[in-house]
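# Coordinate analysis (summary)
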Amino acid sequence: MPRSPAPHAAPARRAAVALALALAACSSGSSAPVTPPPPPPVPAVPGVPALIQGVMIQGVTAFGQTLPSGDGYESFPGQANTWDLDRDYSLRSGGLAGPFSGALVLYAGVPTVTPPTFESLEMDVLATQALPAFPYDQTYAEATFLTPLFGAADGVRTAELSDGATAGVAPLEGSRSLLLNGTSSSRVTQTLDVSAVTAPLTLSWSHVFFAIPGALVGAPAPTFTVSFHGTDGQLLETVYTATANEDRGPGTGGSPGASFTVGPWPGHDQVVVSFELAGPSPSLVQIDGVSLAGGPATILNGDFEAGTLAGGDASWTAASPSESQNVEGAPRTLCVGSAGDCGAQLAVRRTFFAPPKAHWARITDVFENAGAAAVSADVVYLSFLAAGASTALYQPRDGALVGYDLSGGGTRDFGIVFGSGSAFFRTASAAAVSAGAPDGNGTMFVVHPLTVPPGGRVALVHFVLLAGSSTGLAGGASSPGVEADAAAILSGFRSTLDPTYRNGMRAGDADLVTNL
C-alpha cells in the first residue's frame, strides 16, 4: 500500500486534547526510564567528528527543537518545533505548526520512465507502487540510541516556570505553572525536612497531562510520575502514575485536582519529592498548587509564583538531562530490481540525528549490497507538504530546496538539503493562492541514481531545516534564514576544520556519502 500523509497538527495546538487521547491509544507500555551514567567523553580532535557508541537508555524518538518561535506557537517555551521520528525513520510533521505530513520517505527501485519526471514519480510511488518503500514497521525494541548525550547547556529543555502562553496552555492557578517537557526524563524535585514527621501527611496538587506517544511500534507510553525518594536516590514511595491524557486541574473553589496520603518515612530525616515526565515531545505536564498538609513538613513555592528551577532559592530543582537525539533503526532489505524483482537487493539502515539547538535534523541512509554483482537503482525521497498546493518552493542553489506557506495558515518555513540529487516539485504562485485557486502540489520528490558495488556500501545524507516562523504570515517572498542554513551545510559538510555536520555519524559512514 502507498504511504499516506501523516496526520498534521494544526496551530490550534494543545486545545485539541481529544486528538491527543486518540493518538495515545495507539501506544503501549508504561515503564519509566532509568538513565545510567553516560559513557566517558571522547577527547575531541579538531575537524574530526567524535566517535559515537550505543547507550543503554530508554530514550524518546521525538525531540523539541530549541529555537524561539517568531509567531507565538511553541511546543514548549523556547522550542518552536518538534523533530518527530516516524515508523520508517522519516520525519513525521515537524511539530505543532510543522510544514510536513511526512518528510524524506524512502523508496528505491527501477523507475518506469528514465529520466523520471514529476508525473512519472507520482505514478511510480503513489499510484502503482512500482518502487518499493522502506517498510513502515520499525519497532522501538530495534532502535539503537547513540551518543553524544546532550544536556541543558546543549539546549535540552526539561522544565519551566511559565505562563504557558506560547505553548497554548493557560496557568492552572495564578500567573505561572510548572511545565514539564517531553524528554526521556524531565524531573523537578524539592528536598523536605521530615525529621519531625511521625504520622501520614496529605500531598496535594493539580495537573493537566498531554500525552503524545512516539511513532515506533511498542514505544513506551508517555508517563507522568509523582514519587518520594531518599537523599541517596532510593525510591521510597510512588504516589501517582499516569500514562494517558488527563485533566486534574483545580476543582470548585480552587480545590486541588489530586490528593494522596503519603509517609511517614521512618529512618529518613530528609526526603525528596519528585514530579517527572518521561515521554516524547510535544508531551507536556502542567503542575500547580503543590502542598503538603497534616504535619510539620512544608513545601516551598508550591504555587510556582516565585523563584527559579536552579535550586538557589532552596525550593525546586530541575534535574540535569542526559538526552540521546541520535537514533539508529534496524536494517531492512528492499527488492530494487525492475518491477520489484528480488534478484537485486539492498539492505538499508536509516539513522536520525538532531542536536537540540540546531536548525536542522540529519537522516543518513546506508545502502549495503551483499550480492556478488553491482546493484543499481534510483533512490526516491518523497515529502508530503502540510500546506499542500499552497506551498511555494524554490531552489536558492544547487542541492537545496526551500519552501514556505502562501495560504496564511501559519505552517513554518522549511528546507531540504539533498546535494547532488535532483528535485521534482510544483511550486505555488502567490497570485493563484490569493485568488483561491492554489496551483502548487502537496508532494515533492528528490531522486538519486545509485550504484552499490558487490559487497560494498554507499550512503546518502539529507538535512531537513525548520524555521521558527512563517514567511507567508509575514507577507514575504523568500526565506533567507533557511537559505543561509542550507548554504552552510552545503559548504560545511566536508569541512576539515569543523565537523559539525558530520558529528553523530558512525565511524566510516561519512566516507560512504556520495551526494554531499
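To be clear, the structure that these remarks concern was listed above.
Computed from a predicted model, the values in this text were never measured in an experiment.

### With respect to the pattern of salt bridges
For the coordinates displayed, the defined rule picks out 11 salt bridges. We note a salt bridge from arginine 349 to glutamate 328, for which the minimum N-O separation is 3.1 Å. Of this pair, arginine 349 sits in strand S20 (residues 345-353) while glutamate 328 sits in strand S18 (residues 326-328), and the two are 21 residues apart along the sequence. Of the two residues, arginine 349 and glutamate 328, both sit in the buried class. Residue arginine 457 is joined to aspartate 509 by a salt bridge in which the shortest nitrogen-to-oxygen separation is 3.8 Å. Of this pair, arginine 457 sits in strand S28 (residues 457-466) while aspartate 509 sits in helix H6 (residues 509-512), and the two are 52 residues apart along the sequence. The buried category is assigned to aspartate 509, whose relative accessible area is 3%. Taken together, the salt bridges that share partners define one network made up of Glu328, Arg349, Arg457, Arg506 and Asp509.

### A few points about the packing of aromatic side chains
Scanning all chains against the criterion turns up 19 aromatic pairs. Look at tryptophan 205 and phenylalanine 275: their rings are 5.7 Å apart centre to centre, the planes differ by 85 degrees, and that puts the pair in the edge-to-face class. Here tryptophan 205, found in strand S9 (residues 201-210), pairs with phenylalanine 275, found in strand S14 (residues 270-278); they are 70 residues apart in sequence, far enough to count as distant. Residue tryptophan 205 is classed as buried on the basis of its relative accessible area of 0%. Residue phenylalanine 275 is classed as buried on the basis of its relative accessible area, which comes to 1%.

### What about unusual backbone geometry?
For the peptide bond that leads from threonine 114 to proline 115, omega is -10 degrees, which places it in the cis range. Relative to the elements of secondary structure, proline 115 occurs in the loop between strand S3 (105-109) and helix H2 (118-127). Between serine 281 and the following residue, proline 282, the backbone shows a cis peptide bond with an omega angle of 5 degrees. Despite not being glycine, tyrosine 89 shows a phi value in the positive range, around 65 degrees. Structurally, tyrosine 89 can be placed in the loop between strand S2 (81-84) and S3. Residue leucine 104 is not a glycine yet carries a positive backbone phi of 60 degrees. In this fold, leucine 104 is placed in the loop between S2 and S3. Looking at leucine 104, the relative accessible area reads 1%, which means it is buried.

### Looking at the sheet that holds S3
Here 4 strands make up an open sheet; going across it, the order is S3-S22-S27-S26 and the pairing antiparallel. At either margin of the open sheet sits one strand with a lone partner, and together these are S3 and strand S26 (422-424). Averaged over all neighbouring strand pairs, the angle between strand axes comes to 25 degrees, with direction disregarded. In this sheet, strand S27 (residues 443-452) lies alongside strand S22 (residues 375-384) in antiparallel orientation, the contact comprising 10 bridges. Looking at the pairing, phenylalanine 384 lines up with threonine 443 of S27. In this fold H2 packs onto S3, S22, S26 and S27, with an angle of close to 80 degrees to the strand it touches most, S27.

### Some remarks on the environment of arginine 176
Examined against the element boundaries, arginine 176 turns out to sit in the loop between strand S6 (159-162) and strand S7 (177-181). Sequence spacing of arginine 176 and glycine 164 is 12 residues, and the spatial spacing of their C-alpha atoms is 7.6 Å. If sequence neighbours within four positions are ignored, arginine 176 has contacts with Leu161, Ser162, Pro171, Asp288, Asp303, Phe304, Glu305, Ala306 and Gly307. There is a polar contact of 3.0 Å between the side chain of arginine 176 and the backbone oxygen of phenylalanine 304. At 3.3 Å, the side chain of arginine 176 forms a polar contact with the backbone oxygen of alanine 306.

### Let's talk about the sheet that holds strand S16 (residues 317-318)
Overall, antiparallel pairing links the 5 strands, which are arranged S11-S10-S14-S8-S16 in an open sheet. Single-partner strands in this sheet number two, and they are strand S11 (235-242) and S16. Taken together, the 8 bridges between strand S8 (residues 186-193) and S14 define a ladder with antiparallel strand orientation. Of the residues in S14, the one forming a bridge with valine 188 is phenylalanine 275.

### Concerning empty space enclosed by the protein
Counted under the stated rule, the structure contains 3 cavities of 30 Å³ or more. One number sums up the size of the second largest cavity: a volume of about 70 Å³. Surrounding the second largest cavity, 15 residues form its lining, Gly64, Gln79, Gly182, Thr183 and Gln325 being those nearest its centre. Ranked by the residues each element gives to the lining of the second largest cavity, the list is headed by strand S1 (residues 62-65), at 3 residues.

Cut-off values and rules
The written sequence of each chain sets the order in which its residues are numbered from 1. For a predicted model such as this one, the threshold for reporting local features is a pLDDT of at least 70, and the threshold for listing and counting side-chain atom pairs is 80 or more; totals across whole chains, interfaces and linings nevertheless cover every residue. The basis for every side-chain value is the complete set of heavy atoms in the structure, and neither hydrogens nor water enter the calculation. Within this document, salt bridges are pairs made up of a side-chain nitrogen of Lys or Arg and a carboxyl oxygen of Asp or Glu, the two lying within 4 Å of each other. The secondary structure listing takes helices from DSSP runs of H or I that are at least 4 residues long and strands from runs of E that are at least 2 residues long, numbered from the N terminus. Note on classification: 1.4 Å probe, protein chains only; a residue is buried when its accessible area is under 20% of the maximum for its type, exposed when over 50%, partly exposed between these limits. Only Phe, Tyr and Trp rings take part, Trp by its six-membered ring, and two of them pair if their centres are within 6.5 Å. Stacked means planes under 30 degrees apart, edge-to-face means over 60, and tilted covers everything else. DSSP calls a pair of strands paired once it identifies at least 2 bridges connecting them. To get an axis, a line is fitted to the C-alpha atoms, and for a helix only the part in contact is used. The angle between two axes follows their N-to-C directions and goes from 0 to 180 degrees. Here a residue-residue contact requires only that any non-hydrogen atoms of the pair lie within 4.5 Å. Under this definition, polar contacts are N or O atom pairs within 3.5 Å; protein pairs additionally need one hydrogen-donor-capable and one acceptor-capable atom, and for neighbouring residues in sequence, both atoms have to be side-chain atoms. Here a cavity denotes a set of grid points, spaced 1 Å apart and computed over the protein atoms alone, in which a 1.4 Å probe fits but from which it cannot get out, and a pocket denotes an open set meeting protein on both sides within 12 Å along at least five of seven lines; residues with an atom within 4 Å of a point are reported as lining. Grid points are joined across faces, edges and corners, and a volume is the space filled by probe spheres set on the points.

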